[in-house]
Amino acid sequence: MGVKLNGGLLAIDAGNSKTDVAVLAQDGTVLGAARGGGFQPPVVGVETAVDGLAEIVGRAWEEAGGAGLDPTFAHVAACLANADLPVEEAALRAELLGRGWSPSVRVHNDTFAILRAGVDEPRGVAVVCGAGINCVGMTPDGRTARFPAIGKISGDWGGGGGLADEALWCAARAEDGRGLPTALADALPAHFGLESMYALIEALHLGRIPMARRHELTPVLFRVAAGDDPVALSIVHRQAEEVVAMAAVALRRLGLHREEAPVLLGGSVLAARHPQLEERIRELLAARAPKAVIGFVTARPVLGAGLLALDAVGAGPEAKARLRERYEG
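Residues numbered from 1 in each chain as written. Predicted model: local features only at pLDDT ≥ 70, side-chain atom pairs only at ≥ 80, totals over all residues. Heavy atoms only, no water.

Peer 1: Can you lay out the sheet that holds strand β3 (residues 30-37) for me, pointing to particular residues and giving the numbers?
Peer 2: The strand order across the open sheet formed by five strands is β3-β2-β1-β4-β5, and the pairing between neighbours is mixed. Strands with a single pairing partner mark the edges of an open sheet, and in this sheet they are β3 and β5 (105-109). For this sheet the average axis-to-axis angle between neighbouring strands, irrespective of direction, equals 10 degrees. Note: strand β2 (residues 18-24) against β3, seven bridges, orientation antiparallel. Each residue of the ladder has a partner; that of Lys 18, found in β3, is Gly 37. The sheet contacts of helix α2 (residues 46-66) involve β1 (9-14), β2, β3 and β4 (75-80), and relative to β3 the element is tilted by about 150 degrees. Together, β1, β2, β4 and β5 form the strand contacts of helix α12 (residues 302-312), whose direction differs from that of β1 by roughly 145 degrees. (Pairing = 2+ DSSP bridges. Helix = DSSP H or I, 4+ residues; strand = E, 2+ residues; numbered from the N terminus. Axes fitted to C-alpha atoms, helices over the stretch in contact; angles between N-to-C directions. Contact = heavy atoms within 4.5 Å.)

Below, the structure is given as structure tokens:
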């Protein structure tokens with residue numbers, strides 16, 4: 001075994017659609033890396049989902065020079081989608097411990113990877129708005145703030161799926177007269193080459209257009225909002241209100257509202273930097289948390305998982321800078 005594999009670290013960022021794994025030396029050098037499919041234990045079960053992780057870990061381990069040897073690490077930092085509740089984190093941690101990779105395993109929700117990737121120390125708040133919406137915060141002393149982020153039953157609103165559903169709701173009511181007029185009533189069906197909301201509703205209901213494709217309507221919503229359509233703009237502004245509500249509560253829970261602290265925005269909806277959304281977020285956050293400093297995360301989240309692993313073993317700033325250079329340089 002190569003000398004750097006002794007005491008090596010494993011960083012995992014497993015999202016719904018893709019998984020990145022990195023094998024690190026404690027000096028921040030990336031020894032091996034691999035990418036695979038999404039991580040969905042609610043769909044396939046915890047054991048099967050971790051089986052999928054194991055295959056990706058195995059490829060990264062081989063690239064690091066561990067071919068023929070069982071993967072072993074000083075610490076595993078696993079940032080996992082669908083680790084939304086403590087009971088889910090515990091089940092996933094138990095399964096990872098059972099693989100024998102390390103006696104030291106920490107499971108985080110994958111939003112923590114995005115947060116840690118965007119800050120120089122584990123301090124701040126991140127709001128991720130992609131297919132769904134989530135928010136987490138952390139401080140160097142180990143305190144965290146988070147939400148269940150399961151959907152409407154846990155008080156969440158928005159994300160790409162939620163925005164598309166709201167746009168469809170408003171457009172359907174506009175066409176049949178129950179709601180306010182909006183250009184969405186023409187723009188949404190036109191995206192699929194259809195002439196009316198009735199035709200789009202029928203196509204979605206009968207499966208001629210898969211329901212999964214409704215996510216394609218989120219950019220249409222933002223395009224219509226950019227034309228100052230009042231209904232579309234109200235949906236975008238509501239999303240801004242939800243982002244700020246989550247961020248402000250997380251800052252207050254951690255006591256970070258009293259000082260300058262980063263609020264990082266990530267996920268496909270926020271990373272697109274739609275002016276109507278971003279400007280409204282800045283305006284509302286300035287009112288609710290005037291010391292917050294907004295930033296955007298563009299680095300791959302596996303960087304954050306790697307930094308969490310380095311944090312866990314007390315690595316110094318040089319090691320963390322070396323890892324950042326790999327993913328940001």
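Let us keep going from here.
Peer 1: With reference to specific residues and values, describe the packing of aromatic side chains.
Peer 2: Across all of its chains, the model carries one aromatic pair by this definition. Pairing Trp 61 with Phe 73 gives two aromatic rings, centres 5.3 Å apart and planes at 75 degrees, and the pair type is edge-to-face. Of this pair, Trp 61 sits in helix α2 while Phe 73 sits in the loop between α2 and β4, and the two are twelve residues apart along the sequence. (Phe/Tyr/Trp six-rings, centres within 6.5 Å; stacked < 30°, edge-to-face > 60°.)

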